[in-house]
Structures are given as C-alpha cells and as structure tokens.
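Each chain is listed here by its residues.
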Amino acid sequence: MPITHNPTIRQRRLARMLRDLRVAAGLKHSDAAKILGCAESKMTRIENAQSGIRLLDLRVLLDAYNVTEKSQRAEIEKLARDAKQKGWWVQYANSIDSAYAAYIAIESDAAEIYDVETNLVPGLLQTRAYTEAVIKIQVPDTSQENIETQVKVREERRKILTREENPVHLWVILSEAILRHRVGTPEVMREQLESLLSASEETNIELQILPDESPLNAALFGPFVIMSFPSASELDVAYAESITGTVYYEEQSDTEKYRTLFRRLNVAACDVSKSRALIRKAIEETVAK
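Okay, so let's go over this structure. All of these numbers come straight from a predicted model, not from anything done at the bench.

## Here we look at the packing of aromatic side chains
In this structure the tally under the stated criterion is eight aromatic pairs. A ring pair is formed by Tyr-114 and Phe-262, whose centres lie 5.3 Å apart and whose planes are at 75°; its orientation type is edge-to-face. With a gap of 148 residues between them, Tyr-114 in strand 2 (residues 112-117) and Phe-262 in helix 10 (residues 252-268) connect regions that are remote in the sequence. The exposure class assigned to Phe-262 is buried, which follows from its relative accessible area of 6%. With a centroid separation of 5.5 Å and an interplanar angle of 50°, the aromatic rings of Tyr-239 and Tyr-248 are classed as tilted. Exposure remark for Tyr-239: the relative accessible area of 12% places this residue in the buried category. Here Tyr-248 falls in the buried class, since its relative accessible area comes to 3%. It is Arg-259 that lies over the ring of Tyr-114; its NZ or CZ is 4.9 Å from the centre.

Below, the structure is given as structure tokens:
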C-alpha cells in the first residue's frame, strides 16, 4: 500500500509494529482495549498512528503480546520515546517541504540504505558545489539564502554515514549516464567524481555503476530507495518518486518488488573494481574537456 503522507514516520512504524504483535498474539482490538482498560477507539487511534502511547501502557501491551526478549522490548520502547522527539530537521521547517522532512526522518533511523539513481548523484554523496549546481538548475530563481539552507540540510543528512555509533551502511547503484550528466562546471563535475571515488573506499559504502549497455536500464522508471531498520521486527520502507509526488511503500509485498529489482541490478551492475574504473575514465574525460 502506498503511503503519501505521514503523521510522523516513527509513530507509523511503532503503530505498525504494535498491530503486527497483536495479530501474532491472536488478539483483537477489543482484547487489547480491555487489557489497557480503555475504549476500543483508543487502540484504533494508536494502531493508526493517530495517537501516541504511554510507556506504562506500552509495557502492559508487550506483556500481553508475549514479547519477552529484552532487546526487542528495549527497541520498541526506544522507538516509542523517539516518536515523541523532534529531529534536527525541525529547525528547517520553514525552508523544506513536509515530504522532504518525512524522508529525512526515515533516513536518519535507517541502518541500511539501498539507493538506485538514474539521473543525479544521490544527496548523501553530493559535494557542496554539486548540490549548489543542482539547485540552481532545478530552481533558477531561488535565493542564495535558500541554496545555503539546502546545502546545510544535505550536510546534516550526510552525518549518518560517519556517526560514531552504528553508521548507516549505504549501497548505491548509479546509472553510468550520471557520470557524464553535466552538472555545473567541469571543475564541479571533476570534484564530484573524485568524491565518489573516495566514497567507494569507505567500509560502509558500496558503490556500483550500471553500464549503459545493460538491458536493465529499461527496467528503471526512476530512482528508488529501500531503507531497513536496526530491529529485525521492523519492515523495510521503499521510497519512489512518481509523476504525482512522493510515495512510500510499507507493505512487505510492495517492498519485496523493489528488493527483487535491486538484486537484479546488483548482478547486472559492474563490480566495485570495474565501477571505480568507469569513474576514473569519466574523470579523465572531464579533465580532457
């Protein structure tokens, strides 16, 4: 099922987990409501992410749902606490739209990100100059102040790759054409390509290039991202852009389609060594120009 807007992403994830745990325990809404001593409508609001849940009530439900493993309980309780907190992106609420903020919220919680790009270097791997050039191309009449804000947001997002505790594992597959798509000056492109080469050396970053001659280019209708979370009990979230806007997929049947496509692309794309060779070739071509 596509999700086009979010009460809060963390609250949605918590709500989905509680629903799945209740169903696995063989309980109905009415059963859970009796356990908490509340109206059934309250349980409906909690599981629809329309209402938060007190820590005490959460622990009572986890007991009733037979969630006994300490690590799993700790993860769920942490998610419940985090759902009430505001992320760093809130300070940019007047400068970025709600869809972008929702994406950042998911991204910041992810443990693994699988990113397929068809037109541009992904935001997490963009240099400052490349980001500035992209914004100027996409919104030619934007102010310098807005450009600076967008650059700062990109820089904040990139911190998930270098954080001390559990840095995100990023796996990126880029269409080869991206290496030749002119964004900014030749110097901007060369710096960006050299940065990609450097990023590919990081232990938590996998970078592959899908060559132009691969038939699988015809299977790409646009960029997409799959995000996985630390807890094995949490389902993946897939993100894609459509002609009508941003779409999130949370149902396992939907996200598995994207995972299947990613696996096909992984096999069709060049290995790390050949991918680096293609990037080096693109750098040489940029210098030659």
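That covers the picture; the talk isn't over yet.
## Side note on helix 3 (residues 40-47)
Because each turn of an α-helix spans 3.6 residues, side chains separated by three or four positions end up pointing in the same direction. Three or more residues of helix 3 are buried, namely Met-43, Ile-46 and Glu-47. Around the axis of helix 3, the buried residues are gathered within 90° of arc, so they sit on the same side. Residue Ala-49 follows helix 3 closely and has a positive phi angle near 60°.

## Considerations on the nonpolar core
Within soluble globular proteins, side chains that are nonpolar tend to cluster in buried spots. Counting 40 residues, the largest nonpolar core has Ile-113, Leu-125, Leu-196 and Ile-279 as the members making the most contacts within it. Listed by contribution, the elements that provide at least two residues to this core are helix 6 (98-109), helix 7 (128-138), strand 3 (169-175), helix 9 (186-199), strand 4 (205-210), strand 5 (224-228), strand 6 (237-242) and helix 11 (272-288). Broken down by element, the residue count for this core peaks at six residues, all from helix 9. Contacts of Ile-113, omitting those with residues within four sequence positions, involve Glu-107, Leu-124, Ile-160, Val-168, His-169, Leu-170, Trp-171, Val-225, Ile-226 and Met-227. With 18 residues, the next largest nonpolar core counts Leu-58, Leu-62, Val-67 and Ala-80 among its residues.

## Quick look at the pattern of salt bridges
Considering all chains together, one arrives at 17 salt bridges under this definition. In this structure, Arg-22 engages Glu-47 in a salt bridge whose closest nitrogen and oxygen atoms are separated by 2.7 Å. One end of the pair, Arg-22, is in helix 1 (residues 9-24); the other, Glu-47, is in helix 3, and 25 residues separate them in sequence. Counted as one network, the salt bridges with shared partners bring together Arg-128, Glu-132, Glu-148 and Glu-155.

Calculation notes
The residue numbers shown here count from 1 along each chain, following its written sequence. Whole-chain, interface and lining totals are the exception, using all residues; otherwise, since this is a predicted model, local features are given only for residues with pLDDT of at least 70 and side-chain atom pairs are given and counted only at 80 or more. Based on all heavy atoms of the structure, the side-chain values leave hydrogens and waters out of the count. Between rings of Phe, Tyr and Trp, where Trp is taken as its six-membered ring, a pair exists when centres lie within 6.5 Å; planes separated by under 30 degrees are stacked, by over 60 edge-to-face, and by other angles tilted. Only DSSP runs of H or I covering at least 4 residues are called helices, and only runs of E covering at least 2 are called strands; the numbering of each starts at the N terminus. With a 1.4 Å probe rolled over the protein chains alone, any residue whose accessible area is under 20% of its type maximum counts as buried; one over 50% counts as exposed, and the rest are partly exposed. Note on geometry: a ring has a charge over it if NZ (lysine) or CZ (arginine) is within 6 Å of the ring centre and within 35 degrees of the ring normal. An arc is given here, and it is the one of the directions from the helix axis to the C-beta atoms. What we call a nonpolar core is a set of buried Ala, Val, Leu, Ile, Met, Phe, Trp, Tyr and Cys residues that are connected through their side-chain atoms within 4.5 Å. The contact definition used throughout considers only heavy atoms, calling two residues in contact when any of these lie within 4.5 Å. Any carboxyl oxygen of Asp or Glu that lies within 4 Å of a side-chain nitrogen of Lys or Arg is treated as forming a salt bridge with it.

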